[in-house]
Amino acid sequence: MTLVEEIRSRLSVLAPTILDIRDDSAQHRGHAGNNGGGHFFLTIASAEFCGKSQVMRHRRVYAILGDLIPQRIHALSIQAIAADEPLPVTID
């Protein structure tokens, strides 16, 4: 199982309606402080986030993935969206 698959599997407990995991590790290889862990950008939408602040949403994600940090995950950016919120507009 790849690390992305493991992240996806673990986060399935949140019953996400959206789960996008972007692996940006290749862009950060060799930078100071990185001892080999990956860099990921996570977008997740879940009904479990309804009525919760961004801090509480992030804490929930970190509680699920925390044992992977910092050895396997060096950096994790999280965009956590409640199921009853509009999706953010992104420009690539």
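Note: the structure precedes this text.
Residues numbered from 1 in each chain as written. Predicted model: local features only at pLDDT ≥ 70, side-chain atom pairs only at ≥ 80, totals over all residues. Heavy atoms only, no water.

Undergrad: I keep staring at the overall build of the protein and nothing clicks. Help me out?
TA: When helices and strands are counted, the protein shows two helices and three strands. The N-to-C order of helical and strand elements in the protein reads α-β-β-α-β. Looking at the 92 residues of the protein, the share that counts as buried comes to 34%. A sequence separation of at least 24 residues applies to 67% of the contacts in the protein between residues at least 6 apart. Surface exposure of the protein reaches about 5600 Å², of which carbon and sulfur atoms provide 54%. (Helix = DSSP H or I, 4+ residues; strand = E, 2+ residues; numbered from the N terminus. Buried < 20%, exposed > 50% of the residue type's maximum accessible area, 1.4 Å probe, protein only. Contact = heavy atoms within 4.5 Å. Areas by Shrake-Rupley, 256 points an atom, 1.4 Å probe, with all protein chains shown as cover.)

Undergrad: It is not clear to me how the environment of Phe-40 should be interpreted in this structure. Could you clarify?
TA: For Phe-40, the position within the fold is in strand β2 (residues 38-46). Ignoring sequence-local partners within four residues, the contact set of Phe-40 consists of Leu-3, Val-4, Ile-7, Ile-21, Arg-22, Asp-23, Ser-25, Arg-72, Ile-73, Ala-75, Leu-76 and Ser-77.

Undergrad: Quick question: what am I supposed to make of the nonpolar core here?
TA: Most often, soluble globular proteins have nonpolar side chains that are buried together. By size, the foremost hydrophobic cluster in this structure holds 19 residues, and its most contacted members are Ile-7, Leu-11, Leu-42, Ile-44, Val-61, Leu-65 and Leu-76. Listing elements by their share of this core, those giving two or more residues are α1 (3-11), β1 (18-23), β2, α2 (54-65) and β3 (73-82). When residues in this core are grouped by element, the largest group, five residues, is from β3. Setting aside chain neighbours within four positions, we find Leu-65 in contact with Ile-7, Arg-10, Leu-11 and Leu-76. (Core = buried A, V, L, I, M, F, W, Y, C linked by side-chain atoms within 4.5 Å.)

Undergrad: For this particular structure, what's the right way to read α1?
TA: Given 3.6 residues to a turn, an α-helix orients residues that are three or four positions apart in the same direction. Every buried residue of α1 is accounted for by Leu-3, Glu-6, Ile-7 and Leu-11. Axial view of α1: buried residues confined to an arc of 125 degrees, hence all on one face. Buried residues along α1 sit against β1, β2, α2 and β3. (Arc of directions from axis to C-beta.)

Undergrad: Looking at this structure, I do not really get the packing of α1 against α2. What am I missing?
TA: Each packed pair of helices is defined by two parameters, the angle between the axes and the distance between the axes. Between α1 and α2, the shortest axis-to-axis distance is 10 Å and the interhelical angle comes to 120 degrees. Classified by the angle between their axes, α1 and α2 sit oblique to one another. Like other packed secondary-structure pairs, α1 and α2 cross with a definite hand, here right-handed. Two secondary-structure elements touch here, α1 through Ile-7, Arg-10 and Leu-11 and α2 through Val-61, Ile-64 and Leu-65. A per-class count over the contact of α1 with α2 returns five nonpolar, no polar and one charged. (Axes fitted to C-alpha atoms, helices over the stretch in contact; angles between N-to-C directions. Parallel < 35°, antiparallel > 145°, perpendicular 65-115°, else oblique. Left-handed = near helix turned anticlockwise from the far one by under 90°. Nonpolar A, V, L, I, M, F, W, Y, C, P; charged D, E, K, R; others polar.)

Undergrad: Explanation requested: the side chain of Thr-43 in the structure shown.
TA: Along the chain, Thr-43 turns up in strand β2. The exposure class of Thr-43 is buried, given its relative accessible area of 12%. Of note is the side chain of Thr-43, whose polar atom sits 3.2 Å from the side chain of Gln-79. (Polar contact = N/O pair within 3.5 Å; in protein donor to acceptor, adjacent residues only side chain to side chain.)

Undergrad: Quick question: what am I supposed to make of the sheet that holds β1 here?
TA: The three strands are arranged β1-β2-β3 in an open sheet whose pairing can be described as mixed. Every other strand in the sheet has two partners, leaving β1 and β3 as the edge strands with one partner each. For this sheet the average axis-to-axis angle between neighbouring strands, irrespective of direction, equals 15 degrees. Relative to the sheet, α1 contacts β1, β2 and β3, its axis offset from that of β1 by approximately 155 degrees. (Pairing = 2+ DSSP bridges.)

On their own, these measurements won't tell you what the molecule is for.
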